[in-house]
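# Descriptive analysis of the structure
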Amino acid sequence: MIVKIVSFFLIGMAVLAMFGKLRYPGQKRLQSAKCPSCGRYRIGKGPCPCQKGKG
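These lines cover the structure that appears in this document, whether it is placed above or below.

Rules used throughout
- Residues numbered from 1 in each chain as written.
- Predicted model: local features only at pLDDT ≥ 70, side-chain atom pairs only at ≥ 80, totals over all residues.
- Heavy atoms only, no water.
- Helix = DSSP H or I, 4+ residues; strand = E, 2+ residues; numbered from the N terminus.
- Buried < 20%, exposed > 50% of the residue type's maximum accessible area, 1.4 Å probe, protein only.
- Areas by Shrake-Rupley, 256 points an atom, 1.4 Å probe, with all protein chains shown as cover.
- Expected span 1.5 Å × (residues − 1).
- Patch = residues over 30% accessible without salt bridge, like charges linked within 9 Å, V, L, I, M, F, W, Y side chains within 5 Å.
- Salt bridge = Lys/Arg side-chain N within 4 Å of Asp/Glu carboxyl O.

### Structural notes on the overall build of the chain
Counting secondary structure elements, the chain contains 2 helices and 0 strands. Per-residue burial for the chain yields a buried fraction of 4% across its 55 residues. Summed over its atoms, the accessible surface of the chain is roughly 5500 Å², and 67% of this surface lies on carbon and sulfur atoms.

### Notes on helix 1 (residues 2–20)
For helix 1, with 19 residues, the first-to-last C-alpha span of 27 Å sits near the 27 Å given by 1.5 Å per residue. With respect to burial, helix 1 is a largely exposed element, only 0 of its 19 residues being buried.

### Examining a nonpolar patch on the surface
Nonpolar side chains collect at one region of the surface, where Ile 2, Val 6, Phe 9, Leu 10, Met 13 and Leu 16 lie side by side and expose about 640 Å² of accessible area between them. The residue Val 6 is located in helix 1 in this model.

### Here's the deal with the environment of Pro 49
Its place among the elements puts Pro 49 in the segment after helix 2 (27–32). The exposure class assigned to Pro 49 is partly exposed, which follows from its relative accessible area of 35%. The spacing of Pro 49 and Cys 35 is 14 residues in sequence and 9.5 Å in space, taken between C-alpha atoms.

Spelled out as structure tokens, the structure:
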């Protein structure tokens, strides 16, 4: 019985790992929406607040 439970657990973990490696269609667009210097998401078309010279 315990062997069954362990095997189902391992199979489930393998399936989750396969789904985790999938690339979603909008992932590249989300990556380009991040600021290259600070890593925050940019909202809108303007520059990131870290590059505006705030202070």
